[in-house]
Every structure is written in structure tokens, then in C-alpha cells.
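The lines below spell out each chain.
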Amino acid sequence: EYSEVLFISKSVGTIIASAYAEKYKIKCCQILYTPLEQTFMFEHDDAIAFIGTADPWSDVKKVIACSKNQFRFMCMRMPIIHWKKKIFYKTLIS
């Protein structure tokens, strides 16, 4: 038995972590990197999500729409400057 549990997951792993926490009734905090639509079939009482706007696995607009039912905000990273093949990112909170 643990007093605190943190799940950190990415992409398909966000679905697995969310399903696992729900199935086994684990009270945990979650950090979701590039969650997919199916991630939000599960409740997230204490989570934050980050998504890039160019993730080929995610339909970013649908993921953001799904997340609004559970989260107060979601962090997105958008490329804003291309310079010498380096991309600089701006973090937006929606």
C-alpha cells in the first residue's frame, strides 16, 4: 500500500494507465503526454495533459474537445519559429 501514486504515460500508454487506474480503483495523480481520444473514456480526478499540435497519432482537436469534459485546461506545444532547422516551441494553455 502506497500513500501516493503517480502515473506518467505517453500516447497509447495514457489509455493503458487510465484503464488500469480505473479497473483497480487506484487513487493517483497522472501526467499524460500526447493522450489519445480513448484516454478520456476514463475519469481523471487528478491529472494534467500535454499535447503537441503535430502528433500523427492524435487528432488534436478531438483530444482537446474530449479533455474539456474533464480538465480545466490542457497544455499544448506549438512550433512558432523555424531557425537553422531547429524548432522553438511556445506553450499555450487552453
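Remember, it's a predicted structure, so these values are computed and weren't measured experimentally. (Residues numbered from 1 in each chain as written. Predicted model: local features only at pLDDT ≥ 70, side-chain atom pairs only at ≥ 80, totals over all residues. Heavy atoms only, no water.)

Draft legend 1. Representation of the overall build of the chain. Each helix and strand in the chain was counted, giving two helices and five strands. Ordered by position from the N terminus, the helices and strands of the chain form the series β-α-β-β-α-β-β. When burial is assessed residue by residue, the chain has 34% of its 94 residues classed as buried. Contacts spanning at least 24 positions in sequence make up 32% of the contacts within the chain whose residues lie at least 6 apart. Here the chain has roughly 7,000 Å² of accessible surface; of this, 57% comes from carbon and sulfur atoms. (Helix = DSSP H or I, 4+ residues; strand = E, 2+ residues; numbered from the N terminus. Buried < 20%, exposed > 50% of the residue type's maximum accessible area, 1.4 Å probe, protein only. Contact = heavy atoms within 4.5 Å. Areas by Shrake-Rupley, 256 points an atom, 1.4 Å probe, with all protein chains shown as cover.)

Draft legend 2. Expanded view of the packing of aromatic side chains. As enumerated under the stated definition, the model contains three aromatic pairs in all. Consider the rings of Y33 and F50, whose centres lie 5.4 Å apart with planes at 20°: the pair is stacked. Pair noted here: Y33 is in strand β2 (residues 29-33) and F50 is in strand β3 (residues 47-52), with a separation of 17 residues, a long-range link. A relative accessible area of 37% places Y33 in the partly exposed class. Grouping aromatic residues by their ring pairs yields a cluster made of F7, Y20 and Y24. (Phe/Tyr/Trp six-rings, centres within 6.5 Å; stacked < 30°, edge-to-face > 60°.)

Draft legend 3. View of the side chain of H44. As for its placement among the helices and strands, H44 is situated in the loop between β2 and β3. For H44, a relative accessible area of 6% puts it in the buried group. Within the local environment of H44, its side chain forms a polar contact with the side chain of S18, the two groups lying 2.7 Å apart. In this structure the side chain of H44 is engaged in a polar contact, spanning 3.0 Å, whose partner is the backbone oxygen of F42. (Polar contact = N/O pair within 3.5 Å; in protein donor to acceptor, adjacent residues only side chain to side chain.)

Draft legend 4. Here's a closer look at the environment of K23. Among the secondary structure elements, K23 is positioned in helix α1 (residues 12-23). Residue K23 is classed as exposed on the basis of its relative accessible area of 60%. Each C-alpha atom, one on K23 and one on F42, is 9.8 Å from the other, the two residues being 19 residues apart in sequence.

Draft legend 5. A look at the side chain of T14. Here T14 lies in helix α1. Look at T14 and you get buried, because its relative accessible area is 0%. At 2.6 Å, the side chain of T14 and the side chain of T39 are in polar contact. Not counting the four nearest positions on each side in its chain, T14 is found in contact with S9, L32, Y33, P35, L36 and T39.

Draft legend 6. Representation of the layout of surface pockets in the model. For the largest pocket, the calculated volume is near 270 Å³. Lining of the largest pocket is provided by 13 residues; of these, I26, K27, C28, E43 and D45 occupy positions nearest its centre. The greatest single-element share of the lining of the largest pocket, amounting to three residues, is contributed by α1. Across the lining of the largest pocket, the residue classes break down as four nonpolar, three polar and six charged. (1 Å grid on protein atoms, 1.4 Å probe; cavity = no way out; pocket = protein on both sides within 12 Å on 5 of 7 lines; lining within 4 Å. Points joined across faces, edges and corners; volume = space filled by probe spheres on them. Nonpolar A, V, L, I, M, F, W, Y, C, P; charged D, E, K, R; others polar.)

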